Amino acid sequence: MSKKRTIILAITIAVTAALLIASFFVAVNSGHECVGKDCVRCALLINLRKIFESVSFVLGALSRPIFLLTGTVIVGLTAVYARSTPVSRKVKLSD
């Protein structure tokens, strides 16, 4: 594996691990007893919510073009293979 792929894989694993740890933190601390307006846990939960919203927005924005591109490729391949039928090739199917 090339050095560039190794770096990309390491970054992907690190980001995925950070998101999993953050979601676990939110799940564990969602029902904590707040100590007042300067609660550190509440501030962390608010920041993590903002991060999750931005990540979900980016993933949603990226998934639409990928979905449309996949649909276009499928339609294009269907059109290519639909042209090559036994009738268009004038194949006789009689025994």
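Per-chain numbering applies: the sequence of each chain, read as written, is numbered from 1 onward. Local features in this predicted model are restricted to residues of pLDDT 70 or higher, and side-chain atom pairs are both shown and tallied only at a pLDDT of 80 or more, whereas totals for entire chains, interfaces and linings draw on every residue. Each side-chain value is derived from all of the structure's non-hydrogen atoms; neither hydrogens nor water enter the calculation.

Student: Help me understand the overall build of the protein in this model?
Tutor: Helix numbering and strand numbering both begin at the N terminus, where a helix is a DSSP run of H or I of at least 4 residues and a strand a DSSP run of E of at least 2. Broken down by element type, the protein carries two helices and zero strands. By its C-alpha atoms, the protein is 85 × 35 × 25 Å across when sized along the principal axes. On the protein, roughly 8,600 Å² of surface is accessible, and the fraction owed to carbon and sulfur atoms is 70%. Using a 1.4 Å probe, accessible areas were evaluated by the Shrake-Rupley method; residue-level cover was limited to the displayed protein chains.

Student: Please explain the environment of Thr-78 as it appears in this structure.
Tutor: Structurally, the position occupied by Thr-78 is in helix H2 (residues 40-83). Given a relative accessible area of 49%, Thr-78 falls into the partly exposed group. A sequence separation of 12 residues divides Thr-78 from Ile-66, and the C-alpha atoms of the two residues are 18 Å apart. Classification of residues uses two cut-offs on accessible area relative to the type maximum, computed with a 1.4 Å probe and protein chains only: under 20% is buried, over 50% is exposed, and between them is partly exposed.

Student: What should I look at first to understand the state of the cysteines in this one?
Tutor: A covalent bond between the sulfur atoms of two cysteines is what we call a disulfide. Defined by distance alone, a disulfide is two cysteine sulfur atoms within 2.5 Å. If you walk through the whole model with that rule in mind, you get zero disulfides. Free of any disulfide, Cys-39 has its nearest neighbouring cysteine sulfur in Cys-42, separated by 3.7 Å. Here Cys-42 is not disulfide-linked; the sulfur of Cys-34 is the nearest cysteine sulfur, at 3.5 Å.

Student: Where do I start with a nonpolar patch on the surface in this structure?
Tutor: A cluster of nonpolar side chains, namely Phe-57, Val-58, Leu-62 and Ile-66, defines an oily patch on the protein surface of about 440 Å² accessible area. The topology assignment puts Ile-66 in helix H2. By relative accessible area, which is 55% here, Ile-66 ends up exposed. Nonpolar side chains (Val, Leu, Ile, Met, Phe, Trp, Tyr) are joined into patches within 5 Å and like charges within 9 Å, using only residues with over 30% relative accessible area and no salt bridge. What counts as a salt bridge is simple: a side-chain nitrogen of Lys or Arg found within 4 Å of a carboxyl oxygen of Asp or Glu.

Student: Please clarify how the environment of Val-58 should be interpreted in this entry.
Tutor: The residue Val-58 is located in helix H2 in this model. Given a relative accessible area of 44%, Val-58 falls into the partly exposed group. In this structure the C-alpha to C-alpha distance between Val-58 and Ile-74, which are 16 residues apart in sequence, comes to 25 Å.

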